[in-house]
Amino acid sequence: DTGVSQDPRHKITKRGQNVTFRCDPISEHNRLYWYRQTLGQGPEFLTYFQNEAQLEKSRLLSDRFSAERPKGSFSTLEIQRTEQGDSAMYLCASSLAGTAGTKLYFGPGTRLTVL
Amino acid sequence: QKEVEQNSGPLSVPEGAIASLNCTYSDRGSQSFFWYRQYSGKSPELIMFIYSNGDKEDGRFTAQLNKASQYVSLLIRDSQPSDSATYLCAVNTQYSSASKIIFGSGTRLSIRP
C-alpha cells in the first residue's frame, strides 16, 4: 500500500491558462473523490467516482472544471481558463465502497496558485 | 444553511483536560459520521467514525451521535499538545447508489501546556 499520490504537488499558473492534475488512488480502492480546500476552511466536495463512473459533481463547480477516471484507475482534474479564485489546495482521496465507515485516504494535495 | 456546521474556534484547552468538539448537520438522511484531524500543512486523517446513536470510544477519543438532534461530538480525554490541530466533522449523505462525504469548516484546537 503506497498510499494516494498526486502530481504535481505545486502548480503556479497565469490567469486564463488551463491546468491538469493527476491522482493515483490506492490500487484496490474503487471510489475516488476530489476536494478543494482554502485556508481556514474544510475540504469542499467537487466530485466523486465509483470505478470509472462519475456519480456526482458539485453544483458549485462551473463548467470550467472537468474530471475523468478512465478505466477506473487514476483520475485527472482539469481547470480551464483559470481564475485567481481557483487558487487553493486540491485534494484527492480514495476509499473502498461497501466498507463500514467509508474511510477516506487523502493524498498530499496539489497546491494551485493563479497569478 | 450549511450542510455541516462547526464552531471555527480556536478552542484552547489545558493539557490533561477534556476537549469537547461539536458538529451539527442538516440532512436527516445522513448515515455515517466522521471526525478527521488535520495538522497544519498536512492532509486530513480519519480518527473516528460512528453510525449508530450513542457513544463510541477508541482510546482517548469518544464520538457521540444523536440523530434526533442531528448532532455529533468528539471528546478528547487527557489532552496532549500533540492533539493541537484542526478537527473536521464529515457526514456521509447517501442517495440511491451515490455516496457523498461533506466536511464542515473545522474547529481549531490548541492544547496549552
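Keep in mind the model is a prediction, meaning the values are calculated, not measured.

Student: Summarise the overall build of chain B; cite the residues concerned and give the values.
Tutor: Per the secondary structure count, chain B includes zero helices and eleven strands. In sequence order, the secondary structure elements of chain B are arranged as β-β-β-β-β-β-β-β-β-β-β. Radius of gyration (C-alpha) of chain B: 14 Å, near the 13 Å computed for a compact globule of 113 residues. Dimensions of chain B along its principal axes, counting C-alpha atoms only, are 45 × 30 × 25 Å. Within the span of chain B, comprising 113 residues, buried residues form 46% of the whole. Summed over all atoms, the accessible surface of chain B reaches about 5,400 Å², with 46% contributed by carbon and sulfur. Averaging the positions of the 11 positive and the 10 negative side-chain charges in chain B gives two centres separated by 4 Å.

Student: With reference to specific residues and values, describe the interface of chain B and chain A.
Tutor: Taken together, the 19 residues of chain B in the interface contact 22 residues of chain A. With both chains or domains summed, chain B and chain A bury close to 1,600 Å², and 55% of this area falls on carbon and sulfur atoms. Our count for the contact surface shared by chain B and chain A stands at one salt bridge. Between lysine 100 of chain B and glutamate 56 of chain A there is a salt bridge whose closest N-O contact spans 3.2 Å. Inspection of the region where chain B meets chain A yields six residue pairs in polar contact (both at pLDDT 80 or more).

Student: Can you tell me about the sheet that holds strand 1 (residues 5-7) of chain A, naming the residues and giving the values?
Tutor: Residues and elements named next belong to chain A. Pairing is antiparallel in the open sheet, where four strands are placed in the order 1-3-8-7. Edge strands, defined here as strands with exactly one partner in the open sheet, are strand 1 and strand 7 (65-68). The sheet shows a mean angle of 15° between the axes of neighbouring strands, taken without regard to direction. Strand direction decides the pairing type here: strand 1 and strand 3 (residues 19-24), joined by three bridges, are antiparallel. The residue bridging aspartate 7 from the neighbouring strand is arginine 22, located in strand 3.

Student: Now, about the environment of alanine 88 of chain A: what can you tell me, with residues and values included?
Tutor: All names here are of chain A. Structurally, the position occupied by alanine 88 is in strand 9 (residues 88-95). Classification of alanine 88 as buried rests on a relative accessible area of 5%. Along the backbone, alanine 88 and threonine 113 are 25 residues apart, and their C-alpha atoms lie at a distance of 6.9 Å. Filtering out sequence-adjacent residues up to four positions away, alanine 88 remains in contact with Arg36, Gln37, Thr38, Thr110, Arg111 and Leu112.

Student: Explain the environment of glutamine 80 of chain A to me, using residue names and the numbers behind them.
Tutor: Residue and element names in this part refer to chain A. Its location among the elements puts glutamine 80 in the loop between strand 8 (75-79) and strand 9. What makes glutamine 80 partly exposed here is its relative accessible area of 29%. Taking the C-alpha atoms as reference points, glutamine 80 and glutamine 17, 63 residues apart in sequence, are found 6.6 Å from one another. In this structure glutamine 80 touches Gln17, Asn18 and Arg64, once residues within four positions along its chain are discounted.

Student: Before we move on, can you summarise the packing of aromatic side chains with the specific residues and values?
Tutor: How two aromatic rings sit relative to each other is set out by the distance from centre to centre and by the angle between their planes. Applying the stated rule across the entire model yields 13 aromatic pairs over all chains. A ring pair is formed by tyrosine 33 of chain A and tyrosine 35 of chain A, whose centres lie 6.2 Å apart and whose planes are at 15°; its orientation type is stacked. A single burial state applies to tyrosine 33 of chain A and to tyrosine 35 of chain A, both of which are buried. Its end group placed over the ring of phenylalanine 49 of chain B, lysine 56 of chain B keeps NZ or CZ at 3.6 Å from the ring centre. Here the basic side chain of arginine 60 of chain B rests over the ring of phenylalanine 61 of chain B, its NZ or CZ set 5.5 Å away from the ring centre.

Student: Describe the sheet that holds strand 1 (residues 4-5) of chain B, naming the residues involved and giving the relevant values.
Tutor: Residues and elements named next belong to chain B. If you trace the five strands from one edge of the open sheet to the other, you get 1-3-8-7-6, paired in antiparallel fashion. Looking along the sheet, the strands with just one partner apiece sit at the ends: strand 1 and strand 6 (54-58). Bridge analysis of strand 1 against strand 3 (residues 19-25) gives two bridges, and the strand direction is antiparallel. Note that in strand 3 the partner of glutamate 5 across the bridge is threonine 24.

Parameters at a glance
Residues numbered from 1 in each chain as written. Chains lettered and ligands numbered in written order. Predicted model: local features only at pLDDT ≥ 70, side-chain atom pairs only at ≥ 80, totals over all residues. Heavy atoms only, no water. Helix = DSSP H or I, 4+ residues; strand = E, 2+ residues; numbered from the N terminus. Rg over C-alpha atoms; globule rule 2.2 N^0.38 Å. Buried < 20%, exposed > 50% of the residue type's maximum accessible area, 1.4 Å probe, protein only. Areas by Shrake-Rupley, 256 points an atom, 1.4 Å probe, with all protein chains shown as cover. Lys, Arg positive; Asp, Glu negative; His and termini not counted. Charge placed at Lys NZ, Arg CZ, Asp CG, Glu CD. Contact = heavy atoms within 4.5 Å. Buried area = accessible area lost by both parts, 1.4 Å probe. Salt bridge = Lys/Arg side-chain N within 4 Å of Asp/Glu carboxyl O. Polar contact = N/O pair within 3.5 Å; in protein donor to acceptor, adjacent residues only side chain to side chain. Pairing = 2+ DSSP bridges. Axes fitted to C-alpha atoms, helices over the stretch in contact; angles between N-to-C directions. Phe/Tyr/Trp six-rings, centres within 6.5 Å; stacked < 30°, edge-to-face > 60°. Lys NZ or Arg CZ within 6 Å of the ring centre and 35° of its normal.

None of the figures reported here should be taken as evidence of function without further support.
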